Number of protein chains: 2
Amino acid sequence: MRSNESFASAIRLRGMKLTRQRQLILEVLESSRGHPDAEMVYAKAKERDPRIGFATVYRTLALLKQLGLAEEHNLGEGHGHFEAVDKTKPHFHFTCLKCGKVVEFVSPQILRTTQSLCEKKGLLVTDIHLHFSGYCRHCRPAGSECAEKP
Amino acid sequence: MRSNESFASAIRLRGMKLTRQRQLILEVLESSRGHPDAEMVYAKAKERDPRIGFATVYRTLALLKQLGLAEEHNLGEGHGHFEAVDKTKPHFHFTCLKCGKVVEFVSPQILRTTQSLCEKKGLLVTDIHLHFSGYCRHCRPAGSECAEKP
DNA sequence: ATCTAAATGATAGTGATTATCAATATCAAA
DNA sequence: TTTGATATTGATAATCACTATCATTTAGAT
C-alpha cells in the first residue's frame, strides 16, 4: 500500500504519532468498496481490533480528510459516507432517490471547467463535491427525458 | 411575489393547506440574502410571528424543497443551508476553508456537461449540487496557483 | 356557521458527531 | 533499553441537528 508510506510521513511531518488504530482505519477504508459510513468503518475495524473505540474512528476519519487521504460525501442520508482518495481517479456521485443506488462517474470535462473557473476567480480549490440526485435508468418513469425539477 | 402564486397552487394541487406559517417561511427565505440555516429562518420568521414553532420551520423547509421552491446546500458545516430557488439562475457554491466566505458562481458549461452526461447514462437528474471548497483570493497563500490537495 | 382533515407548536426522542478525561502507547532522548 | 513527555485512545457524557408524537388549532369545503 503506497499510501501507508505517505500516511506515515504526513503524520510525522506534523509531529503526530502513527498508531496501530490509524493504520487500521486507513486500511479498512482502502479495502472497502463503495462508500462506507462511520459505523461501517467502525464495524470493519472492530473485526480486526475489538478494542477500538468509536471516537477513534471519527477522529481518524477527520484526520484522513485533513491529510487528503479520504473524502467525505453527503449522499442524501443524514450522515457522512467516506472513501479513500485515489487522486488518479477523481469522480462524482449520483444517488437514485427511489432505490438509493449510488452511481459513480467521471467527467474530465467538468474537472477542466472547474480548473479554469478556479483560475478566473482566483480561488484555490482543494475539494470538489459534485453530487447529482434523481432517478436511475431503472427507476425513472417510462418515457421521461432529462428535465428540470417538477 | 410570483412564487407565492405557484406555491398556493402547488399546495392546493396536493390537497394541502396554505397556512400563514408556510407563506411566512417562504417569504423569509425569498427575502434572505445568502444561505440561511434553519435556525436563521426560524429567527427571522419569529420576528414576524412570535408564536411560530421550530418544527414548523423544518417541516416547511422540507415541503419547499419537495415543491422545488427551495434548495438545501451542504456548505461543510454540520447542518443544512437553505435558499429560495430561482430557476433562471442555477448556480454553485464555493466555501473558503479559512474565512468561511461563500462565493456563488454560475457555469452554463457545467450545466451543459451535466445535461449530456445525464442523457448518456439514462439518469433523470432532478438536482445538482456542486460544491467547491478551498481558499479564496484573499486567504490563499501568496503565489499559489490552482493545485491539488497538499 | 359547521365540520373534518390537515397543520401547528410544545416537547420528547433519535441519531450522528464531538468533548472530556483518566489510562495508555508512541517515539525521541538518555 | 529504559525512561519520560505528550499525543492518542477508549469509555462515556454531552451536544447538535433534526424528527416523531400528540393535543390543540386552523384552513377550507359544505
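Residues numbered from 1 in each chain as written. Chains lettered and ligands numbered in written order. Predicted model: local features only at pLDDT ≥ 70, side-chain atom pairs only at ≥ 80, totals over all residues. Heavy atoms only, no water.

Right, let's talk about the protein's contact with DNA strand D for a bit. Inspection of the region around DNA strand D gives 19 residues, with Thr19(A), Arg22(A), Thr56(A), Arg59(A) and Tyr58(B) positioned closest. Taking the atoms of DNA strand D that fall within 4 Å of the protein, sugar and phosphate contribute 76% of them. Here Gly53(A) contributes a backbone N or O atom positioned 3.1 Å from a phosphate oxygen of DNA strand D. Between Thr56(A) and DNA strand D, the recorded distance is 2.8 Å, taken from a side-chain N or O atom to a phosphate oxygen. Elements supplying a minimum of two residues to the surface near DNA strand D: α2 (20-30) and α4 (54-66) of chain A together with α4 (54-66) of chain B. (Near = heavy atom within 4 Å. Polar contact = N/O pair within 3.5 Å; in protein donor to acceptor, adjacent residues only side chain to side chain. Helix = DSSP H or I, 4+ residues; strand = E, 2+ residues; numbered from the N terminus.)

Glancing now at the packing of aromatic side chains. Within the structure shown, the criterion is met by 8 aromatic pairs over all chains. On the basis of an interplanar angle of 75° and a centroid distance of 4.6 Å, the ring pair of Tyr42(B) and Phe54(B) is categorised as edge-to-face. Of this pair, Tyr42(B) sits in helix α3 (residues 38-48) while Phe54(B) is found in helix α4, placing the two residues 12 residues apart along the sequence. The buried category is assigned to Tyr42(B), whose relative accessible area is 17%. A residue is classified by how much of its surface remains accessible, and Phe54(B), at 38% relative accessible area, is partly exposed. Among the aromatic residues, those joined into a ring-pair cluster are Tyr42(A), Phe54(A) and Tyr58(A). (Phe/Tyr/Trp six-rings, centres within 6.5 Å; stacked < 30°, edge-to-face > 60°. Buried < 20%, exposed > 50% of the residue type's maximum accessible area, 1.4 Å probe, protein only.)

Turning to the packing of α3(B) against α4(B), a few remarks are in order. Residues and elements named next belong to chain B. One way to put it is that α3 packs onto α4 with a least axis distance of 10 Å and a crossing angle of 120°. The chirality of how α3 crosses α4 is right-handed. The residues of α4 that touch α3, namely those facing Ala38, Glu39, Val41 and Tyr42, are Phe54, Val57, Tyr58 and Leu61. Residue classes in the contact of α3 with α4 are distributed as 7 nonpolar, no polar and 1 charged. (Axes fitted to C-alpha atoms, helices over the stretch in contact; angles between N-to-C directions. Left-handed = near helix turned anticlockwise from the far one by under 90°. Contact = heavy atoms within 4.5 Å. Nonpolar A, V, L, I, M, F, W, Y, C, P; charged D, E, K, R; others polar.)

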